Amino acid sequence: MNKILIIGGSKGIGNAIINALVNKNKIINISRTAPLQPHSNLTHHSCDILTDDLPNIDEIDSLIYCPGSINLKPISRLELEDFRSDFEINVIGAVKAIQHYLPSLKKGSNPSIVLFSTVAAKLGMPFHASVAAAKSAVEGLTKSLGAEFAPTIRVNAIAPTVTDTDLAAKLLRNERLIDSIKERHPLKKILAPNEVADLATFLISDKAKSISGQIFELDCGIVSFKI
């Protein structure tokens, strides 16, 4: 079994990734709260990625960093602290995890890292200044580290559109808003967490061993098409 470290697997996309992988892999989850589903292949460490010391793990094959933010406000209402907070959780937390577990990844089999961006890093959207700036940094980090770690460790990122998770609950709080968001996407849908998990699962697999430094727009067509 491969040993996969997931940061932020207690809910949302991270939890969907655990569900997709746990039956055939050893999963180590690090998050403030434990995933609801126990499993003999799942080990959990309660930890705040930004403030706590990370547990030592001797060897891992993949690191998937899931924490993120959706902080949507006009620029006039965004404080500098909003930008700092979004940068901390999206970028600094990822850097902290990668630096800490780099020796462990180097011992792994076909080691890889998966990070998360957003479609708003490519497509200009009102009220996304803070999160788009932070996620754009994630995309730069992905490409830089992909080059730095080649040929040993692959690094890729997924940039999803709106996904049906607790993090997006305010955007999806009623049927009218859900229908409006679906209508703006050429494929007339939003993402389910398991769809994102399926792509993450592919990217850490041997089937993706020639892919690194890429940003995958899982966008329901909103970035790619104008219809």
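Everything below is about the structure printed above this text.
Report on the accompanying structure. (Residues numbered from 1 in each chain as written. Predicted model: local features only at pLDDT ≥ 70, side-chain atom pairs only at ≥ 80, totals over all residues. Heavy atoms only, no water.)

**Some thoughts on the environment of Pro 126**
The condition that has to hold: In DSSP terms, a helix is any run of H or I states spanning at least four residues, a strand is any run of E spanning at least two, and both are numbered starting from the N terminus.
Looking at where Pro 126 falls in the secondary structure, it is placed in the loop between strand 5 (112-116) and helix 3 (129-149). A C-alpha to C-alpha distance of 24 Å links Pro 126 and Ala 192, two positions 66 residues apart in sequence.

**Some words on the side chain of Asn 29**
Here is the rule we go by: Side-chain atoms alone can form a polar contact between residues adjacent in sequence; in general such a contact is a pair of N or O atoms within 3.5 Å, and within protein one must be able to donate a hydrogen while the other accepts it. By definition, residues are in contact when any of their heavy atoms lie within 4.5 Å.
Looking at the element boundaries, Asn 29 is found in strand 2 (residues 26-31). Side-chain polar atoms of Asn 29 contact the side chain of Ser 31, separated by 2.9 Å. Discounting residues that sit within four places of it in the chain, Asn 29 has contacts with Ile 6, Gly 8, Gly 9, Ser 10, Ile 18, Pro 35, Leu 42, Thr 43, His 44 and His 45.

**Details of the nonpolar core**
Note the threshold: To form a nonpolar core, buried Ala, Val, Leu, Ile, Met, Phe, Trp, Tyr and Cys residues must be joined to one another through side-chain atoms within 4.5 Å. Summary of the burial criterion: residues with accessible area below 20% of their type's maximum are buried, those above 50% are exposed, and those between are partly exposed, where the area comes from a 1.4 Å probe applied to protein chains only.
Residues Leu 5, Leu 63, Tyr 65, Tyr 101, Ile 113, Leu 115 and Phe 149 are the most contacted members of the largest nonpolar core, which totals 30 residues. Tallying contributions element by element places helix 2 (residues 80-106) first for this core, with eight residues. Core analysis: the next-biggest nonpolar cluster, separate from the first, contains 23 residues, Ile 4, Leu 21, Phe 116 and Ala 197 among them.

**Brief notes about helix 2**
What counts is decided by this rule: Multiplying one less than the number of residues by 1.5 Å gives the expected span of a helix. The angle between axes fitted to the seven residues ending at a residue and the seven residues starting there is what we call the bend at that residue.
Across its 27 residues, helix 2 extends 37 Å between first and last C-alpha, which sits within 8% of the 39 Å expected from 1.5 Å per residue. The principal kink in helix 2, of about 45 degrees, is found at His 100, preceding the proline Pro 103 by one to four residues.

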